[in-house]
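What follows is each chain in one-letter form.
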Amino acid sequence: MNNLTSLKCFKMFLCILKDITDKKELYEKLESVMKKMTLMKKLVKRKVIAIDIISHDILNQVTSIKNYIQLLKEFKLEENVKKILRRIDKYVDRIVEILHNSIRLAKLYSIDEFQKVEMNLYELVSSAIYSLETKARKKNIKIKNLIDRNLLVNVNPIFINVIENLLDNAIKYSYENSHVIIEAEELNGKVRIKVKDYGVGIPDEYKKKIFERFERYSKEGIKGTGLGLAIVKRIVELHNGEVWVEDNKPRGSIFVVEIPKK
Ligand code: ADP
């Protein structure tokens, strides 16, 4: 081997060595990322279990408080005491709702994907409307299901929570004697579902924030946990979809959910 050839060989050897070193570095980096991800998954699971245990413990205590409130209500009480009891009862209900929603959200964060089945969207929405009928009737709000009766979507049955939450909010943040429309269209392999209300609307600076946990905008006099839209967002994410809110002209909001058809 002459000098030139041995130099070339040496250079090649260096290149291969560098390549191997690069690959080794890359491999080590990947391995450390994988380790971190496994650890994160374990932590999330532990967190979910912890939340589950704590929430159930608190729920048991809260149920006892609720029973005592019912017991007290049976006594002859002055009107102002009754009023305070009613308030306490409402706060207890809110705690229960927050606990249930926290458990639900924590569980949704602990999974990466869902099993999906083909479902009829019109029927799914009809069931959601049915479960909210009493609430809507109280405010004389009519919910119109304008979805094509043959439209099929590929979703997990939990997807009904998305529709229920959005309709529940549409009723909550609408004025009495108004209406809510739910419609859907297919475009570019996606299904776009719209929930339109004619209520209080949402200022631009809140349009993104409200999808985060505990972010509330119009709180005055309206009960809520600030977790509903975070749950909606997570379920939509698990369907590889997107959710956002737009203004409904001249008044109210349109919540848009877009999920892949398949
Ligand atoms: P909450 O329990 O407070 O309703 P959500 O997470 O469901 O919690 O909603 C977060 C916030 O987004 C609400 O507090 C409200 O300010 C706003 N919001 C949600 N839906 C509507 C709507 N249809 N119209 C106006 N504001 C809404």
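Throughout this document, residue positions are counted from 1 along each chain, in the order its sequence is written. In keeping with the predicted nature of the model, local features appear solely for residues at pLDDT of at least 70, side-chain atom pairs appear and are counted solely at 80 or more, and the whole-chain, interface and lining totals rest on all residues. With hydrogens and water set aside, each side-chain value is computed from the structure's full complement of heavy atoms.

Visitor: Explanation requested: the side chain of Ser253 in the structure shown.
Guide: For helices the rule is a DSSP run of H or I covering at least 4 residues; for strands it is a run of E covering at least 2, with both sets numbered from the N terminus onward. The residue Ser253 is located in strand 7 (residues 253–260) in this model. Two residues qualify as a contact provided that any one of their heavy atoms is within 4.5 Å of a heavy atom in the partner residue. Beyond its immediate chain neighbours, meaning those up to four positions away, Ser253 contacts Val195, Lys196, Asp197, Gly201, Ile202, Val245, Glu246 and Asn248.

Visitor: Can you walk me through the site of the ligand in this structure?
Guide: The environment of the ligand is formed by 21 residues, the closest being Tyr173, Arg216, Tyr217, Thr225 and Leu229. Under this definition, polar contacts are N or O atom pairs within 3.5 Å; protein pairs additionally need one hydrogen-donor-capable and one acceptor-capable atom, and for neighbouring residues in sequence, both atoms have to be side-chain atoms. For the ligand, an oxygen atom lies 2.9 Å from a polar atom in the side chain of Lys172. Contact distances for the ligand include 2.8 Å between a nitrogen atom and a side-chain N or O atom of Asp197. Put simply, the parts of the chain that give the shell around the ligand at least two residues each are helix 5 (160–172), helix 6 (228–238) and strand 7. Looking at which element gives the most residues to the shell around the ligand, the answer is helix 5, with 3 residues. Throughout, the ten residues Ala, Val, Leu, Ile, Met, Phe, Trp, Tyr, Cys and Pro are labelled nonpolar, Asp, Glu, Lys and Arg are labelled charged, and all others, Gly among them, are labelled polar. Residues belonging to the shell around the ligand are distributed by class as follows: 9 nonpolar, 8 polar and 4 charged. Note on definitions. A residue lies near a molecule or strand when any single heavy atom of the residue is within 4 Å of it.

Visitor: Help me out: how do you make sense of the domain arrangement of the protein in this one?
Guide: How big an interface is tends to be stated in terms of the accessible area lost upon association of its parts. Taken domain by domain, the protein holds domain 1 (1–112) and domain 2 (117–260). Note that the domain bounds reflect an automated or database-derived domain assignment. Just the C-alpha atoms count here: the centres of domain 1 and domain 2 sit 26 Å apart. Each side of the interface is counted separately: domain 1 has 11 residues, and domain 2 has 11 residues. For the pair domain 1 and domain 2, the two sides together bury roughly 1,200 Å², of which 70% comes from carbon and sulfur. By salt bridge we mean one thing: a side-chain nitrogen of Lys or Arg within 4 Å of a carboxyl oxygen of Asp or Glu. Our count for the domain 1 to domain 2 interface comes out at 0 salt bridges. Between the two partners, domain 1 and domain 2, sit 2 residue pairs in polar contact (both at pLDDT 80 or more). Residue composition of the side of domain 1 that touches domain 2, by class: 5 nonpolar, 2 polar and 4 charged. Summed over both partners, the accessible area lost on bringing two parts together, with a 1.4 Å probe, is the buried area.

Visitor: In this structure, what is going on with the side chain of Glu258? I would like to understand it.
Guide: For Glu258, the location among the structural elements is in strand 7. A relative accessible area of 9% means that Glu258 is categorised as buried. Looking at Glu258, its side chain comes within polar contact range of the side chain of Arg192, at 2.7 Å. Relative accessibility under 20% of the residue-type maximum defines a buried residue, over 50% an exposed one, and the middle range a partly exposed one, all with a 1.4 Å probe and only protein chains included.

Visitor: Got a minute to help me understand the packing of aromatic side chains in this structure?
Guide: Pairs of aromatic rings are described using the distance from one ring centre to the other and the angle between the two planes. Side-chain rings of Phe, Tyr and Trp (the six-membered ring for Trp) are treated as a pair once their centres are within 6.5 Å; stacked means planes under 30 degrees apart, edge-to-face means over 60, and tilted covers the remaining angles. Applying the stated criterion to the full structure yields 1 aromatic pair. Ring plane angle 65° and centroid distance 6.1 Å describe the contact between Phe211 and Phe255, whose orientation is recorded as edge-to-face. Taken together, the positions of Phe211 in the loop between strand 5 (190–196) and helix 6 and Phe255 in strand 7 put the pair 44 residues apart, joining distant regions of the chain. Each member of the pair, Phe211 as well as Phe255, carries the same accessibility label: buried.

Visitor: Explanation requested: helix 5 in the structure shown.
Guide: An α-helix turns once per 3.6 residues; consequently, residues spaced three or four apart project the same way. Along its 13 residues, helix 5 runs 18 Å from first to last C-alpha, staying within 8% of the 18 Å computed at 1.5 Å per residue. Counting buried residues along helix 5, 11 of its 13 residues qualify, which places the element largely inside the surrounding structure. Taken together, the buried positions of helix 5 are occupied by Ile160, Asn161, Val162, Ile163, Asn165, Leu166, Leu167, Asp168, Asn169, Ala170 and Ile171. An expected span of 1.5 Å times one less than the residue number is assigned to each helix.

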